[in-house]
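Observations on chain architecture
Each chain, letter by letter, is given below.
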Amino acid sequence: MKRILLVAALFTISFNGFAKEKMTPGDAIDLICGGIGEYSESIMRSRQLGENIANNIAVLNKNKNMAEPTKAYHKEIIYEAYKEPKWSTKENQDNAVTEFSNKMYLTCAKAFQKELSELD
């Protein structure tokens, strides 16, 4: 299910955002997954600061300009972040934020690379 959501989100973003520019697959992955990494960082930072999951979902749901596959993928990121513990020390919180952002970026890049390789 997550793979389907990711692929749908990636293709929605890539067709909408890159139709006017000629980009390499690597550039597209860096741009799209970079955005996923930044969003993941923001969500995990919110998690570590004690924000309620419902508030993050509500903010996401208010975004009317986001395509539904992308919104569904972002919701999965929120769910994944809230499966992780909330740490009490700033050092551990910062580490959790960095590690989660890296994990989500790599998940995105791996899935996108796999999809692109299957198109060849």
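The structure contained in this document is the topic of the report that follows. Computed from a predicted model, the values in this text were never measured in an experiment. (Residues numbered from 1 in each chain as written. Predicted model: local features only at pLDDT ≥ 70, side-chain atom pairs only at ≥ 80, totals over all residues. Heavy atoms only, no water.)

1. Looking at the overall build of the protein
Under the convention used in this document: Helix and strand labels come from DSSP, where a helix needs a run of H or I of at least four residues and a strand needs a run of E of at least two; each type is numbered from the N terminus. Note on definitions: a residue-residue contact is assigned when non-hydrogen atoms from the two residues lie within 4.5 Å. To measure how exposed things are, a 1.4 Å probe is used in the Shrake-Rupley method; for residues, cover is taken only from the protein chains shown.
Looking only at helices and strands, the protein features five helices and zero strands. Along its sequence from the N terminus, the protein presents helices and strands in the succession α-α-α-α-α. Partitioning the intrachain contacts of the protein with sequence separation of at least 6 by distance along the chain shows that 74% fall at a separation of at least 24. Accessible area of the protein: about 7,400 Å², with a carbon and sulfur share of 55%.

2. Description of helix α2 (residues 25-48)
Basically, it comes down to this: Any helix carries an expected span of 1.5 Å times its number of residues minus one.
With 24 residues, α2 extends 34 Å from end C-alpha to end C-alpha; this agrees with the ideal 34 Å at 1.5 Å per step. Looking one or two residues beyond α2, the residue adopting positive phi is Gly50, at roughly 95 degrees.

3. Looking at the pattern of salt bridges
Defined as follows: Whenever Lys or Arg places a side-chain nitrogen within 4 Å of a carboxyl oxygen from Asp or Glu, that contact is recorded as a salt bridge. Each residue's exposure class comes from its accessible area (1.4 Å probe, protein chains only) as a fraction of the maximum for that residue type: buried when under 20%, exposed when over 50%, partly exposed otherwise.
Throughout the structure, instances matching the rule amount to four salt bridges. Residue Asp94 pairs with Arg45 through a salt bridge whose shortest N-O separation is 2.9 Å. Of this pair, Asp94 sits in helix α5 (residues 90-119) while Arg45 sits in helix α2, placing them 49 residues apart in sequence. Here Lys90 ties to Asp94 by a salt bridge, and the two come within 3.1 Å at their closest N and O atoms. Of this pair, Lys90 and Asp94 both sit in helix α5, separated by four residues, roughly a single helical turn. Judged by its relative accessible area of 56%, Lys90 falls in the exposed class.

4. Comments concerning the environment of Ala109
The residue Ala109 is located in helix α5 in this model. The buried category is assigned to Ala109, whose relative accessible area is 7%. In the structure, Ala109 is positioned 80 residues away from Ile29 in sequence and 6.0 Å away in space, judged by C-alpha atoms.

5. A look at the packing of α2 against helix α4 (residues 68-83)
Inclusion rule: Angles run from 0 to 180 degrees between N-to-C directions of axes, and those axes are lines fitted to C-alpha atoms, restricted for helices to the stretch in contact. Roughly parallel covers angles under 35 degrees, roughly antiparallel covers those over 145, roughly perpendicular covers 65 to 115, and oblique covers all other angles. Helix crossings get a hand from a simple test, with the near helix turned counterclockwise from the far one by less than a right angle marking a left-handed crossing and a clockwise turn marking a right-handed one. Three classes are used: nonpolar for Ala, Val, Leu, Ile, Met, Phe, Trp, Tyr, Cys and Pro, charged for Asp, Glu, Lys and Arg, and polar for all others, with Gly counted as polar.
One way to put it is that α2 packs onto α4 with a least axis distance of 9 Å and a crossing angle of 40 degrees. Judged on the interaxial angle alone, α4 and α2 are oblique. Helix-helix and strand crossings are classified by hand; for α2 and α4 the assignment is right-handed. Only Tyr73, His74, Ile77, Ile78, Ala81 and Tyr82 of α4 make contact with α2, whose side of the interface consists of Ile36, Tyr39, Ser40, Ile43, Met44, Ser46 and Arg47. For the contact of α2 with α4, the class distribution of residues is nine nonpolar, three polar and one charged.

6. Brief notes about the state of the cysteines
Here is the rule we go by: To count as a disulfide, a pair of cysteine sulfur atoms needs to be within 2.5 Å.
Following the criterion strictly, the structure yields one disulfide and no others. The disulfide that involves Cys33 links it to Cys108, with 2.2 Å between the sulfurs. Between Cys33 and Cys108, the S-S torsion sits near -75 degrees, and that sign places the bridge as left-handed. Linking Cys33 in helix α2 with Cys108 in helix α5, this pair joins segments that are 75 residues apart in sequence. Across the pair, Cys108 and Cys33 agree in class, each one buried.

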